[in-house]
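Examination of the molecular architecture
If you want the building blocks of each chain, they are given just below.
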Amino acid sequence: MLVLGTAHAGFNYSTGGGQTLLLTGYLREHIAVNLEDHPEADASGVRRLDGKGEISMLRSTFRLEAKADLNWAQFIGRYRVDREHETGYLDDINDTLGSGNNWMDDIEGDQMREWFTTFEVGSRVRATLGKQQVVWGETDFFRAMDIIHGYDLRWRSFLETENEELRKPLILANVEIEIPELNGSLQLIYRPGWDKAKELGNSIDVRGGRWAGQPTKGIDFIPVLPYNDDHRRADTDDPNYGFRWSSDAWGWGYSLNYWRGLNVDPVANSFFGAWGSTPVPNGNPFQLGELIFPKVETFGATASGYVEPIDSVIRLEVAFTPDKPYNVGTDFGLPVGPGATLWVPGLAGIKEKNTLVSMIGIDKQIKGLSEKLGTSQFPLVSVQIFDTWLTNFKQSDDIVEVLGYGAPRREHTTYLTGLFQLNYSHNTINPSIAGVIDAGNGDVALIPALDLVYGDHWRIHTDMDLFFVHHQKNVKRFGGALFNEDTFSPSAEDNTHLLGTFANNSQFNLRVTYQF
């Protein structure tokens, strides 16, 4: 007997033998509008790019998921198509970049994001083979143990609620073994190295696009810092592997983790301080080096549990990476003419430092507020402290916090994050506000948001990314032309940390989804 269905689950086909085929997916439209002018020069070199009130993203997405259950195994495929309209603002950026730049190709395209099969071997072993996502960790906003995959941050480089749309799937063997005698399970992960190089590590906007750090919109760094996927200490074809032991004790769930893979953020291997091997020349006479993803090992642990005296859930996470590579040279410059220096912080070389990342988070429902605010559920408050500690830190190492910016890395880089969420009308109207504070310099990002649920099919999300940054690299006039403040100045700018790279990038976002 065959049964066909088209209810909320898109398309559902089943046989009398229990085999099923399920097709689901969505159509989605993203719209983003700039709330601030951008100070970088436009194509003329003497006028600013500006762009306040202009549309910075008009993106259409179609996603289809097929799941076939043959009783003895499941086969899953997830396909996504992204298309962007070149708005007037994006056209201005592309004019600044000049002809031949294919930055728009980086943010749209077709991709079979995931394809894998999952099946059981006996009563204890479950295997998942193929291109997939494996998520470890307990953190929001920042990542400690969620390091198996890189993220594609070129089309959207800030908080995206469904981060599985930013995470880059990999070809993995993922085996989970239940061990009831020890009240836990062991997960083994192996990446054979069959992925394309572009699918490894974080993809950041270094081609001068809409998410390029201020003030580099309209500047393509790839000709002078191309990626090298074959560096002997950063070969993307090398296998990676790790394990995760999960269990619970005294009412707390916990995990122990190990991963030997690639650093998720690239570092620059420059001609002026080569690390491991000299950069591979690409024929460009102005090449400064290459970007690589060095291989690292990370040991981690997570825990979470309900603490009755404070009626809250506590989340803990710690990850230790020995000899993690960082770029150095906060005041590194290259002479470009009489009295002129090109300041390129971070290109003096690479140093390896032991790095301990830790997080403590608390999630609490404020039960006394529900009646006063008329919510459907208890309002939720979530607060988190995320710290990165270079345990063998020395100021003299002269490490930069962000490549290309002169601010020295701090021994502790600490961020405070918070979320306050309300739910109304049976969870169909859900306002929230989230925030991130750099505890070291007071730079702040706020994200007020509203999620609406209409029936089974329509979902609307809107938010604003608001940046209150007081430490940033500026754009100044030299002889009438606009340049970064480093140009022709006595030394590199030295106070732009991570949030400072988002300066003047506040924006309004609207996302409308029809799911089927």
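Residues numbered from 1 in each chain as written. Predicted model: local features only at pLDDT ≥ 70, side-chain atom pairs only at ≥ 80, totals over all residues. Heavy atoms only, no water.

Topic: the overall build of the chain
- For the chain, the helix and strand inventory stands at 2 helices and 30 strands.
- Whereas a compact globule of 516 residues would reach a radius of gyration of roughly 24 Å, the chain reaches 24 Å, a difference of no more than 12%.
- Over its C-alpha atoms, taken along the principal directions, the chain stretches across nearly 80 × 50 × 45 Å.
- Restricting the contact set of the chain to residue pairs at least 6 apart, pairs at least 24 apart contribute 64%.
- Of the roughly 23,300 Å² of accessible surface on the chain, a fraction of 59% belongs to carbon and sulfur atoms.
- Between the averaged position of the 45 positive side-chain charges in the chain and that of its 68 negative side-chain charges there is a distance of 1 Å. (Helix = DSSP H or I, 4+ residues; strand = E, 2+ residues; numbered from the N terminus. Rg over C-alpha atoms; globule rule 2.2 N^0.38 Å. Contact = heavy atoms within 4.5 Å. Areas by Shrake-Rupley, 256 points an atom, 1.4 Å probe, with all protein chains shown as cover. Lys, Arg positive; Asp, Glu negative; His and termini not counted. Charge placed at Lys NZ, Arg CZ, Asp CG, Glu CD.)

What to know about a negative patch on the surface
- Taken together, the side chains of Glu-86, Asp-91, Asp-92 and Asp-95 define an acidic patch exposed on the protein surface.
- Under the relative-accessibility criterion, Glu-86 is labelled partly exposed at 37%. (Patch = residues over 30% accessible without salt bridge, like charges linked within 9 Å, V, L, I, M, F, W, Y side chains within 5 Å. Salt bridge = Lys/Arg side-chain N within 4 Å of Asp/Glu carboxyl O. Buried < 20%, exposed > 50% of the residue type's maximum accessible area, 1.4 Å probe, protein only.)

With respect to helix α1 (residues 88-97)
- Those residues of α1 that fall on the buried side of the exposure criterion are Tyr-89, Leu-90, Ile-93, Asn-94 and Leu-97. Taken around the axis of α1, the buried residues stretch over an arc of 140°, which confines them to a single face.
- Where α1 is buried, its residues contact β3 (20-34), β4 (38-41), β5 (48-50), β6 (55-69) and β7 (74-84).
- At the exit of α1 stands Gly-98, carrying a positive phi of roughly 90°. (Arc of directions from axis to C-beta.)

What to know about the pairing of strand β19 (residues 312-328)
- Where strand β18 (residues 295-307) meets β19, 9 bridges bridge the pair, whose relative direction is antiparallel. The partner of Tyr-306 across the bridge, within β19, is Val-313.
- With antiparallel pairing between neighbouring strands as the criterion, β18 and β19 make up a hairpin whose turn holds 4 residues, including Asp-311 at a positive phi of roughly 50°. (Pairing = 2+ DSSP bridges.)

Remarks on the confidence of the model for the chain
- Residue-level pLDDT values for the chain average 92, and 98% of them are 70 or greater.
- Across residues 1-7 the pLDDT falls below 50, and counting only partners more than four positions away or on other chains, this stretch makes 15 contacts in the model. (pLDDT = per-residue confidence, 0-100.)

Quick look at the packing of aromatic side chains
- All told, the structure shown has 13 aromatic pairs when counted by the stated rule.
- Judged by centre distance (6.3 Å) and plane angle (15°), the ring pair of Phe-62 and Phe-516 falls under stacked. In this pair, Phe-62 is assigned in strand β6 and Phe-516 in the segment after β30 (507-515), connecting sequence segments 454 residues apart.
- Given the relative accessible area of 24%, Phe-516 is considered partly exposed.
- Through a chain of ring-to-ring contacts, three or more aromatic side chains come together here, namely Phe-142, Phe-386 and Tyr-415.
- Against the face of Tyr-26 rests Arg-28, its NZ or CZ located 4.1 Å from the ring centre.
- Positioned over the ring face of Trp-155 is Arg-59, at 4.1 Å from the centre of the ring. (Phe/Tyr/Trp six-rings, centres within 6.5 Å; stacked < 30°, edge-to-face > 60°. Lys NZ or Arg CZ within 6 Å of the ring centre and 35° of its normal.)

Here's the deal with the pattern of salt bridges
- Overall, the coordinates contain 31 salt bridges when judged by the stated rule.
- The salt bridge partner of Asp-146 is Arg-167, with a shortest N-O separation of 3.3 Å. Note that Asp-146 is positioned in the loop between β9 (125-132) and β10 (170-179) and Arg-167 in the loop between β9 and β10, a separation of 21 residues in sequence. Each member of the pair, Asp-146 as well as Arg-167, carries the same accessibility label: buried.
- Two residues, Arg-154 and Asp-152, come together in a salt bridge whose shortest N-O distance is 3.0 Å.
- Relative accessible area serves as the criterion here: at 22%, Arg-154 is assigned to the partly exposed category.
- Here the residues in one salt-bridge network are Arg-59, Arg-63, Glu-65, Arg-78, Arg-80, Asp-82, Glu-84, Glu-114, Glu-165 and Arg-210, joined through shared partners.

Some remarks on the pairing of strand β15 (residues 252-262)
- Where strand β14 (residues 240-249) and β15 come together, 9 bridges link them in antiparallel fashion. Each bridged residue has a counterpart across the sheet, and for Ser-246 the counterpart in β15 is Ser-255.
- The hairpin turn running from β14 into β15, its antiparallel successor, is 2 residues long, and Trp-250 in that turn takes a positive phi close to 50°.
- Bridge count between β15 and β18: 10 bridges; the pairing is antiparallel. If you follow Tyr-258 over to β18, its bridge partner there is Phe-299.

A short note on a nonpolar patch on the surface
- A cluster of nonpolar side chains, Leu-316, Ile-360, Ile-385, Leu-416 and Ile-437, forms an exposed patch at the surface whose accessible area comes to about 370 Å².
- Along the chain, Ile-385 turns up in strand β23 (residues 380-390).

Some words on the side chain of Asp-195
- If you trace the backbone, Asp-195 turns up in the loop between β11 (184-191) and β12 (230-231).
- By relative accessible area, which is 4% here, Asp-195 ends up buried.
- Polar contacts involving the side chain of Asp-195 include one to the side chain of Arg-191, which spans 2.7 Å.
- Setting aside chain neighbours within four positions, we find Asp-195 in contact with Leu-170, Ile-171, Leu-200 and Asp-237. (Polar contact = N/O pair within 3.5 Å; in protein donor to acceptor, adjacent residues only side chain to side chain.)

Topic: the side chain of Ser-247
- Secondary-structure assignment places Ser-247 in strand β14.
- Polar side-chain contacts of Ser-247 include one of 2.5 Å to the backbone oxygen of Asn-183.
- With residues up to four places along the chain from it excluded, the contact list for Ser-247 reads Leu-182, Asn-183, Gly-184, Trp-252, Gly-253 and Tyr-254.

Focus on the environment of Ile-55
- Structurally, Ile-55 is set in strand β6.
- Of the residues examined, Ile-55 reaches a relative accessible area of 34% and is grouped as partly exposed.
- Residues Ile-55 and His-470, 415 residues apart in the sequence, show an inter-C-alpha distance of 25 Å.
- Residue contacts for Ile-55: discarding those within four places in its chain leaves Ile-31, Ala-32, Val-33, Thr-87 and Tyr-89.

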